[in-house]
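# What the coordinates show
For reference, the chains in residue letters:
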Amino acid sequence: KSSLNFLTVRHPWERLVSMYINKFQSCSSTMFSGKNGILVKTLRKYRKIDENISLEEKSRLLEAARIECNKPSDIRLVDSDNPYMNPMGLTFRETVQFIIAEFKENRGADFHWLKITHLCDLCSRKYQIIEKMETLERDHYFSPKNFGAGSKVPRHSGAHGNQSVNKHDPYELVVRYFSELDERLLWDLYAVYKDDFETF
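Residues numbered from 1 in each chain as written. Predicted model: local features only at pLDDT ≥ 70, side-chain atom pairs only at ≥ 80, totals over all residues. Heavy atoms only, no water.

## Focus: the state of the cysteines
- Evaluated as defined, the whole model comprises one disulfide.
- In this model, C27 is linked to C69 through a disulfide, with the two sulfur atoms separated by 1.7 Å. Given an S-S torsion of about -115°, the disulfide between C27 and C69 has left-handed geometry. Taken as a pair, C27 in the loop between helix 1 (12-23) and helix 2 (38-46) and C69 in helix 3 (residues 55-69) lie far apart in primary sequence, 42 residues in all. Of the two residues, C27 and C69, both sit in the buried class. (Disulfide = S-S within 2.5 Å. Helix = DSSP H or I, 4+ residues; strand = E, 2+ residues; numbered from the N terminus. Buried < 20%, exposed > 50% of the residue type's maximum accessible area, 1.4 Å probe, protein only.)

Structural data, given as structure tokens:
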């Protein structure tokens, strides 16, 4: 039997918003909230707080926020006076600032936001099919001979494992979250994912 190499790609902005909602918004995942994790480093660097607060107090407030972030949302004790808890988790803007810095400083990017052009080894592997999440249903429809007659076609174009994202129109989500970014940040972010935009 011969194998078929296919790659499913997604618009970089939709992929980024989906990742943010699933991993960083409201501390939806504890994957990055260890003592020296991304949550702590990003809040320390980008969350705007009163400059008169001492370093010791900042550290105490940050640790308190990290501890609550690791709890289930229904039992968190949110301190309204703690700037690191308001909002809980990272904002979309803070997440974008972190990702831009990661790429500018050539640090190892996590696969959740790594460029697809770097993630899937495009140059050394030959893909017979490249399909897009945004047109997945249509792409499957035009490739029945490649997937076989018994293949299941997704009911909705752009279906994804992130159920909180599936409930909303992807375009509307992108517009909503990207409204937090100013023009400079938007262009810096585009520079990060330029290869993906040009390739797909």
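## Here we look at the packing of helix 4 (residues 92-104) against helix 10 (residues 183-192)
- For the pair helix 4 and helix 10, the least separation of the axes is 10 Å and the interaxial angle reads 45°. It follows that helix 4 is oblique to helix 10 by the angle criterion. Pair helix 4 / helix 10 crosses with left-handed handedness. Of helix 10, the residues touching helix 4 (which contributes R93, V96, Q97, I100, F103 and K104) are L185, D188, L189 and V192.
- In the contact of helix 4 with helix 10, the residues fall into six nonpolar, one polar and three charged. (Axes fitted to C-alpha atoms, helices over the stretch in contact; angles between N-to-C directions. Parallel < 35°, antiparallel > 145°, perpendicular 65-115°, else oblique. Left-handed = near helix turned anticlockwise from the far one by under 90°. Contact = heavy atoms within 4.5 Å. Nonpolar A, V, L, I, M, F, W, Y, C, P; charged D, E, K, R; others polar.)

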